[in-house]
Amino acid sequence: MQLTNDWYLSEADTSNNDFIHREPTEEIEFYNNVVTGNIDAVRSNCEEHRFSSDLGVGRLSRNPVTNIKYHFVVTAALVTRYCIQYGMESEKAFRLSDFYICKLDDKDTVESVVDLHDQMVMDFTGRMRLLKYSNFNSKPVNECLNYIYSHIKERLNVEDIADAIGISPSYLSRVFKKETGSSVSDYIREQKIDAAINLLKFSDYPIVEISERFGFSSQSHFTQAFKNVTGMTPYEYRKSHGHSEWNVHDSK
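All figures in this text were calculated on a predicted structure; none of them were measured in a lab. (Residues numbered from 1 in each chain as written. Predicted model: local features only at pLDDT ≥ 70, side-chain atom pairs only at ≥ 80, totals over all residues. Heavy atoms only, no water.)

Q: In this structure, what is going on with the overall build of the chain? I would like to understand it.
A: Looking only at helices and strands, the chain features 13 helices and zero strands. Counting from the amino terminus, helix and strand elements in the chain follow one another as α-α-α-α-α-α-α-α-α-α-α-α-α. Burial statistics for the chain: of 252 residues in total, 36% are counted as buried. When the accessible area of the chain is evaluated, it comes to approximately 15,400 Å², of which 50% is carbon and sulfur surface. (Helix = DSSP H or I, 4+ residues; strand = E, 2+ residues; numbered from the N terminus. Buried < 20%, exposed > 50% of the residue type's maximum accessible area, 1.4 Å probe, protein only. Areas by Shrake-Rupley, 256 points an atom, 1.4 Å probe, with all protein chains shown as cover.)

Q: Got a minute to help me understand the packing of helix α10 (residues 184-202) against helix α12 (residues 219-230) in this structure?
A: Between two packed helices, the angle of one axis relative to the other and the distance separating the axes together describe the packing. Where α10 meets α12, the closest approach of the two axes is 10 Å, and the angle between their N-to-C directions is 95°. Taken as axis vectors, α10 and α12 run roughly perpendicular relative to one another. Residue-level contacts link R189, I193, A196, I197 and L200 of α10 to F222, A225, F226, N228, V229 and T230 of α12. Residues of the contact of α10 with α12, tallied by class, amount to eight nonpolar, two polar and one charged. (Axes fitted to C-alpha atoms, helices over the stretch in contact; angles between N-to-C directions. Parallel < 35°, antiparallel > 145°, perpendicular 65-115°, else oblique. Contact = heavy atoms within 4.5 Å. Nonpolar A, V, L, I, M, F, W, Y, C, P; charged D, E, K, R; others polar.)

Q: Would you mind going over the nonpolar core with me for this structure?
A: The nonpolar side chains of a soluble globular protein tend to be buried with one another. Membership of the largest hydrophobic core comes to 31 residues, with the highest contact counts inside it found for I148, I161, L172, V184, F214 and F222. Looking at which element gives the most residues to this core, the answer is α10, with nine residues. Every residue in contact with F222, bar those within four places of it in the chain, is listed here: I193, A196, I207, I210, S211, F216 and P234. (Core = buried A, V, L, I, M, F, W, Y, C linked by side-chain atoms within 4.5 Å.)

Q: Would you mind going over the pattern of salt bridges with me for this structure?
A: Following the criterion strictly, the structure yields seven salt bridges and no others. In this structure, E91 engages R95 in a salt bridge whose closest nitrogen and oxygen atoms are separated by 2.9 Å. Separated by four residues within a single helix, E91 and R95 lie in helix α5 (residues 90-103), roughly one turn from each other. Classification of E91 as partly exposed rests on a relative accessible area of 27%. Of the residues examined, R95 reaches a relative accessible area of 37% and is grouped as partly exposed. Of the charged contacts, one joins E209 and R213 as a salt bridge, the two residues approaching to 3.5 Å between their closest N and O atoms. Of the two residues, E209 and R213 are both situated in helix α11 (residues 207-213); the distance of four residues between them amounts to about one turn of the helix. (Salt bridge = Lys/Arg side-chain N within 4 Å of Asp/Glu carboxyl O.)

Q: I'm lost on a nonpolar patch on the surface in this one. Help?
A: On the surface, L60, Y70, V74 and L78 cluster together to form a nonpolar patch covering roughly 330 Å² of accessible area. Position of V74 among the secondary structure elements: in helix α4 (residues 64-85). (Patch = residues over 30% accessible without salt bridge, like charges linked within 9 Å, V, L, I, M, F, W, Y side chains within 5 Å.)

Q: Sorry, what's going on with the packing of aromatic side chains here?
A: What describes a pair of aromatic rings is the distance from one ring centre to the other and the angle between the planes of the rings. Enumeration over the complete set of coordinates arrives at seven aromatic pairs. With a centroid separation of 5.5 Å and 65° between ring planes, the pair formed by F176 and Y187 is classed as edge-to-face. Residue F176 is located in helix α9 (residues 169-180), and its partner Y187 is located in helix α10; the two are separated by 11 residues in the primary sequence. Both residues of the pair, F176 and Y187, count as buried. Relative to F226, the ring of F222 lies with its centre 5.8 Å away and its plane at 65°, an arrangement referred to as edge-to-face. Taken as a pair, F222 and F226 lie in helix α12 at a separation of four residues, close to a single helical turn. (Phe/Tyr/Trp six-rings, centres within 6.5 Å; stacked < 30°, edge-to-face > 60°.)

This is the structure:
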C-alpha cells in the first residue's frame, strides 16, 4: 500500500518539464546493429556517447554512478538475450554478460562505466559478426556447440555429448560434420586450443597448468595438439604473443 501511495505522489510531483523517455526505435536499432555484427554503427553509437546521454534514458537512481550502473545491467541483459535469439550459444552469452557485470564492482565513476559499456557492446558485436558469416545450425548441432562451450575444461567425447543432448553418437557425428565441415573431436580440440591461446596471451599461468585446465592427458599431448592447430608450440606462441592487449576502438 505504501508503494502505491509513493507512486501516486511521485506522479503528482512530475511536471511537464521533466524529461520524457526516448521512443524505443533508437534502442531497437542499436540492438539490431549489435546482433547483426554492424561494428561501424555500434562504434559510432559509442563515440557519440549515446549510452551516457541523459536525454530520455530515464532516472533509475539519484546517484549518477549508481544510475548509469543500473542502465549498464539493463543493456547487458537485453544484449545477451538478443544475441542468444540470433544464434549465440546461450551459455557463452550469459557468461560474457556475467563477466562484464562483475567488472562493474571496480568502477566508481560515470566515465569508467561508460568505457566498460563500450567494450562490452563491441565485444558482443564482434562475436555476432563472426557468427553472421557462419551457417545457422540445426537444434542438435547448436546443443552440441553449447555443451562443448559449457564443458570445455573437461575431457569430452562424442558419446558423452550425444548422451547429454539425447541423440545417438552416430547421428550427432554425421549431422555435425555435414553442418560445420568438421568432426566433433576436431572441433573440441580447436576450441580447447582457442581457449588455451587466450591464457597464453593474457595470463602468466604455467603451460603445464593450462594443459591440465583444459583436460589434456599430458603436457606433451597439449603441445602436439597446439602445434597441429597453430604451427607453433605453446612456449613459442607465448613468446611471440604474450601479454597482448585488445583495444576495442581498434577492432574491425
